[in-house]
Amino acid sequence: MKFGGTSVGSAGRIAATADIIVSSRHPAIIVLSAMSGATSELIEIARNESQTDCIVSRHMDVAKTLGLPQNINDSLRSIVARASTYAETVACGELMSTTIMLSYLQKRGIDAVMLPALDFMKLTTDGEPATIAIAEALSETMKTAGKHDIYVTQGFICRNAAGQVATLTRGGSDYTATLLGEALSAEEIQIWTDVDGVYSADPRRVPAARRVPQLSYSQADTAARKGAKILHPDCVRPAMRAGIPLRVLDSFHPQAGGTVIDNVADSTAFIAVAYVTDDASGTAEISLIGQHRDIGDKDILNVLDDIHVETVDLSDNYTSVRVAISDADKAMNLLHNNFIDK
Ligand code: ASP
Ligand code: MG
């Protein structure tokens, strides 16, 4: 079960997330992001070598509101005091959020222990997750930890091939979760976030967007890679390799339907619109995810009518157009409203 930054973003959210953890099936591994905003703040601190007091006190305030024992303040301070490299500083967000969650779960009488991600999340010399080494080290770490109901670990943070602290790319906690699910042949991998599933487009930009209750691994993988920001671009692959259902759920509305990604047959219609912006060229690539036998580039250009389309890319898994960033919202709405579910 992976919980993102907003799911641990305040004392109230940590308590609500703990409720979800408590009522889940056990044993479970809990993968946490840093509190919302913490990683960005730590990146600024690492870049400018600025003061850490502010970020530490934010965590101490949360611990106090949750009624955690005073000595957690020493743990939080020492996490930050130990960090000297850039990556070590950036890694403090997950180290602090998990320290707070573990203490809170224990306070509620839950049988929970920490699995330090830095003991098993390893990268190869190419900077890719070392899946075999991760599986071996994780099983060692779990053996040492013994049998418990709940294991808490850090998303995003890892060690490079030289053993130094490193991180995955931004939003990488999703990827940690699916890598661990794969390593353990988990029954299910759950990504708990702040929207109730994968949508047919970003609902903030496309008002007609709808929740997609189920999608295939390959279409979810394409959507993640083509900019559906709800999932880290690399996170579908481990679940797909292992054939483990990947569920996207809303920690603010735990009973909402969510989205399940599994080995259902690919839909034969376009299922979603995703986009990636490229500030350097001032353009956005907008992709219709899926295949559609009856819609070709002429149909796409017709619908986009007065928008200048730089390129059209027809691939097996998606059809994409490149337009100016200023036309992106209009193009996304037109493509979504004309071609999704048609
Ligand atoms: N805390 C990291 C980030 O902000 C990882 C994550 O949230 O998944 O990118
Ligand atoms: Mg995320």
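Report follows, based on the coordinates. (Residues numbered from 1 in each chain as written. Chains lettered and ligands numbered in written order. Predicted model: local features only at pLDDT ≥ 70, side-chain atom pairs only at ≥ 80, totals over all residues. Heavy atoms only, no water.)

Here we come to the packing of helix 3 (residues 53-65) against helix 6 (residues 92-107). Relative orientation and spacing of two packed helices are given, respectively, by the angle between their axes and the distance between those axes. The interhelical angle for the contact between helix 3 and helix 6, taken along N-to-C directions, is 15 degrees, at an axis separation of 10 Å. The angle between helix 3 and helix 6 places the two elements in the roughly parallel class. The handedness of the crossing between helix 3 and helix 6 comes out as right-handed. For the pair helix 3 and helix 6, the contacting residues are Ile55, His59 and Val62 in the first and Gly93, Met96, Ser97 and Ile100 in the second. Tallied by class, residues from the contact of helix 3 with helix 6 come to 4 nonpolar, 3 polar and no charged. (Axes fitted to C-alpha atoms, helices over the stretch in contact; angles between N-to-C directions. Helix = DSSP H or I, 4+ residues; strand = E, 2+ residues; numbered from the N terminus. Parallel < 35°, antiparallel > 145°, perpendicular 65-115°, else oblique. Left-handed = near helix turned anticlockwise from the far one by under 90°. Contact = heavy atoms within 4.5 Å. Nonpolar A, V, L, I, M, F, W, Y, C, P; charged D, E, K, R; others polar.)

On to the nonpolar core. With 51 residues, the main nonpolar core has Phe120, Met121, Leu180, Leu231, Val236 and Ile261 as its most contacted residues. Apart from residues lying up to four places away in sequence, valine 236 is in contact with Tyr217, Ala220, Asp221, Ala224, Leu231 and Leu246. (Core = buried A, V, L, I, M, F, W, Y, C linked by side-chain atoms within 4.5 Å. Buried < 20%, exposed > 50% of the residue type's maximum accessible area, 1.4 Å probe, protein only.)

Below, the discussion takes up the sheet that holds strand 3 (residues 112-114). The mixed open sheet is built from 8 strands, whose spatial order is 3-4-2-1-7-9-10-8. Looking along the sheet, the strands with just one partner apiece sit at the ends: strand 3 and strand 8 (214-216). Bridge count between strand 8 and strand 10 (residues 259-262): 3 bridges; the pairing is parallel. Bridged to glutamine 214 within strand 10 is valine 260. The sheet contacts of helix 9 (residues 217-225) involve strand 8 and strand 10, and relative to strand 8 the element is tilted by about 90 degrees. (Pairing = 2+ DSSP bridges.)

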